[in-house]
Amino acid sequence: MKLLKSLFVTFLICLPSLTFAGDLVVTISGMVCAFCAQGIEKKFKTEDSVKEIKVDLDQKKISLKLKDGKQLEDKRIIELVTDSGFNVKKIER
Amino acid sequence: MNKMVSLILGLSFLTAGLKAHPVSYKGAVSVMSMNQANMSDQWIHYSLTPRFSVGVRSIRLTEGSQDSWSHLSQFGLLVKRWNYDNFQANIYTFGGIGAHTYQDRNGFAALGGAKADIESRKYLFSQTYEALLQSKAKDFHRYTTRAGIAPYIADYDQLHTWLMVEYQFKPGYQRQHDVLPLLRFFYKNVLWEVGSSIKGEWLANFMVHF
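Residues numbered from 1 in each chain as written. Chains lettered and ligands numbered in written order. Predicted model: local features only at pLDDT ≥ 70, side-chain atom pairs only at ≥ 80, totals over all residues. Heavy atoms only, no water.

Draft legend 1. Structural context of the overall build of chain B. Across its full length, chain B holds one helix and 12 strands. Listing every helix and strand of chain B by position from the N terminus yields α-β-β-β-β-β-β-β-β-β-β-β-β. Taking 210 residues into account, the globule formula puts the C-alpha radius of gyration at 17 Å, and chain B, at 17 Å, falls close to it. In terms of overall dimensions, chain B has C-alpha extents of about 50 × 40 × 35 Å along its principal axes. A total of 210 residues make up chain B; the buried ones form 52% of that total. Here chain B displays about 9200 Å² of accessible surface, and carbon together with sulfur accounts for 64% of that area. (Helix = DSSP H or I, 4+ residues; strand = E, 2+ residues; numbered from the N terminus. Rg over C-alpha atoms; globule rule 2.2 N^0.38 Å. Buried < 20%, exposed > 50% of the residue type's maximum accessible area, 1.4 Å probe, protein only. Areas by Shrake-Rupley, 256 points an atom, 1.4 Å probe, with all protein chains shown as cover.)

This is how it looks when you write it as structure tokens:
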């Protein structure tokens, strides 16, 4: 019973990452306002290779899920974030 | 860092309401409507780059029972932005030329101003100065100071709420001083504000990015 409880709690903790496992995580500086960060979401959603984007203001990160067989170069990521008015701090693949 | 904060706060005393950034992300169309009993101010701007935008602006000023209307073409320029992990600070400038109408007389109008702001997820402070020069009516100068605090930290997809107070100084006008407590809300790409001056006059602002 105790083991089942532990497994259930672990499942709940991991649920957010299970529901959205990004192919790319981009740390962005200056992203403190959800209204202003709409530009980032809009820019990446218009990108052909991007299937899904999740914005995390707490962590100042965006997670990107790419379409099958598609790539998104660092240079393009930096360009999209800059066009949104922010700066890229780190790109993790 | 301290130097930068000092610069922003210093510019504060040079330098309206809303999140009236004259510039947004590249390709954004921003529609802003700021309305008070003695003034209304409507903007439509297109950001050519994240630093430069062009648009049109229409301003109504009411002094006594007389209205003056100005319609202008305007540019907005992001002079400098500081992006840090927990805050962002900006200096903007804007200017425009156009025409105005006052008491059935038509004339030229010109506008210029600057805005400085600093914002985190919890606090906000901004200062704006703007001057509207009108050939057939008296010029209008406004200094606006605004401070805000978010009572809770909302996630990206949630409704955001801010408690704010705005002070306006309009030298030469009947109502030189106005203090306006207000509430700001935003959800996704739509922002709206409601408030009232301490004399009971309403304020309603709206902004959307497309």
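On we go.
Draft legend 2. Structural context of helix 3 (residues 74-83) of chain A. All names here are of chain A. Turning to helix 3, its buried residues are Ile77, Leu80, Val81 and Asp83. The buried residues of helix 3 occupy an angular sector of 165° when the element is viewed end-on, so they sit on one face. Elements that come into contact with the buried residues of helix 3 comprise strand 1 (24-29), helix 2 (34-45) and strand 4 (87-92). After helix 3 finishes, the residue Gly85 shows a positive phi value of roughly 95°. (Arc of directions from axis to C-beta. Contact = heavy atoms within 4.5 Å.)

Draft legend 3. Quick peek at the interface of chain A and chain B. Each side of the interface is counted separately: chain A has 24 residues, and chain B has 26 residues. Carbon and sulfur atoms supply 57% of the area buried between chain A and chain B, which totals about 2300 Å² over both sides. Among the residues chain A hides against chain B, the three largest losses belong to Val32, Phe35 and Gln38 of chain A. Together they make up 31% of the total. Run the count over chain A and chain B and you get two salt bridges. Its salt-bridge partner being Asp58 of chain A, residue Arg121 of chain B comes within 2.6 Å of it at the nearest N-O pair. Where chain A touches chain B, the interface holds 11 residue pairs in polar contact (both at pLDDT 80 or more). Sorting the residues of the side of chain A that touches chain B by element identifies helix 2, helix 3 and strand 4 of chain A as the ones contributing at least two each. Among the elements that line the side of chain A that touches chain B, the one with the most residues is helix 2 of chain A, at nine residues. (Buried area = accessible area lost by both parts, 1.4 Å probe. Salt bridge = Lys/Arg side-chain N within 4 Å of Asp/Glu carboxyl O. Polar contact = N/O pair within 3.5 Å; in protein donor to acceptor, adjacent residues only side chain to side chain.)

The values are spatial; any link to function lies outside them.
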